[in-house]
Amino acid sequence: MTRPTTTDVLDRMHTLMHGLRRHLQEAARVDGEGLGPMEIRCLGYFMRHDGATQSELVQHAGRDKAQIARIVKALHERGLLHSQPDPNDGRSQRVSVTTQGQALHRKLHQHRVRFEKTMTAGLSDTERATLLALLGRLQDNVGEDPA
């Protein structure tokens, strides 16, 4: 058995992330109804954070405010998102996913579920729990938010 090098973990993570990215790009091509990766991520954010604001998404994503505004506007125009004024701040809009957006998100989410099942095939429940705990510690070490 060869001795691990200092970048083996990063190399494996890099390979897995590229596999995930390829899988998600294919899912978007097949079932994404023409949405781009950031549009899909934006839709997913509002699925997980119903009633959030664009400003909250900007902060979460670390993206330019104008870029997020264009994406949210495009998703509104496609009927995937809707907004209503924030009752506490009339300058702000609370964003929710429409029924059509929820259906599209569920379809795309199934691709993620299938990829994860493929990736973790052969792992016991204990091994999967250990993997999740270790990944959580890695995230804590670099201060990344999993959502």
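Residues numbered from 1 in each chain as written. Predicted model: local features only at pLDDT ≥ 70, side-chain atom pairs only at ≥ 80, totals over all residues. Heavy atoms only, no water.

> Help me understand the packing of aromatic side chains, please; the structure alone is not making it clear to me.
Each aromatic ring pair is described using two quantities: the centre-to-centre distance and the angle formed by the ring planes. One pass over the structure, following the stated rule, counts one aromatic pair. A centroid spacing of 5.3 Å and a plane angle of 80° characterise the contact between Tyr45 and Phe46, whose relative ring orientation is edge-to-face. Taken as a pair, Tyr45 and Phe46 share a single burial class, namely buried. (Phe/Tyr/Trp six-rings, centres within 6.5 Å; stacked < 30°, edge-to-face > 60°. Buried < 20%, exposed > 50% of the residue type's maximum accessible area, 1.4 Å probe, protein only.)

> Could you clarify how one ought to interpret the pairing of strand S1 (residues 81-86) in this entry?
Within a regular beta strand, the side chains point alternately toward one face of the sheet and then the other, so they alternate between its two faces. By the bridge criterion, six bridges tie S1 to strand S2 (residues 89-97) in an arrangement that is antiparallel. Considered in S2, the bridge of Ser83 is made with Val95. (Pairing = 2+ DSSP bridges. Helix = DSSP H or I, 4+ residues; strand = E, 2+ residues; numbered from the N terminus.)

> What should I look at first to understand the layout of surface pockets in this one?
Any empty space left between the atoms is revealed when a probe the size of a water molecule rolls over them. The computed volume of the second largest pocket comes to approximately 190 Å³. Together, Thr53, Gln54, Ser55, Val58, Lys65, Val72, His76, Ser83, Arg91, Ser92, Gln93 and Val95 line the second largest pocket. Counting residues per element, the ones that place at least two in the lining of the second largest pocket are helix H3 (54-61), helix H4 (65-77) and S2. Broken down by element, the residue count for the lining of the second largest pocket peaks at four residues, all from S2. Grouping the amino acids of the lining of the second largest pocket by side-chain chemistry returns three nonpolar, seven polar and two charged. (1 Å grid on protein atoms, 1.4 Å probe; cavity = no way out; pocket = protein on both sides within 12 Å on 5 of 7 lines; lining within 4 Å. Points joined across faces, edges and corners; volume = space filled by probe spheres on them. Nonpolar A, V, L, I, M, F, W, Y, C, P; charged D, E, K, R; others polar.)

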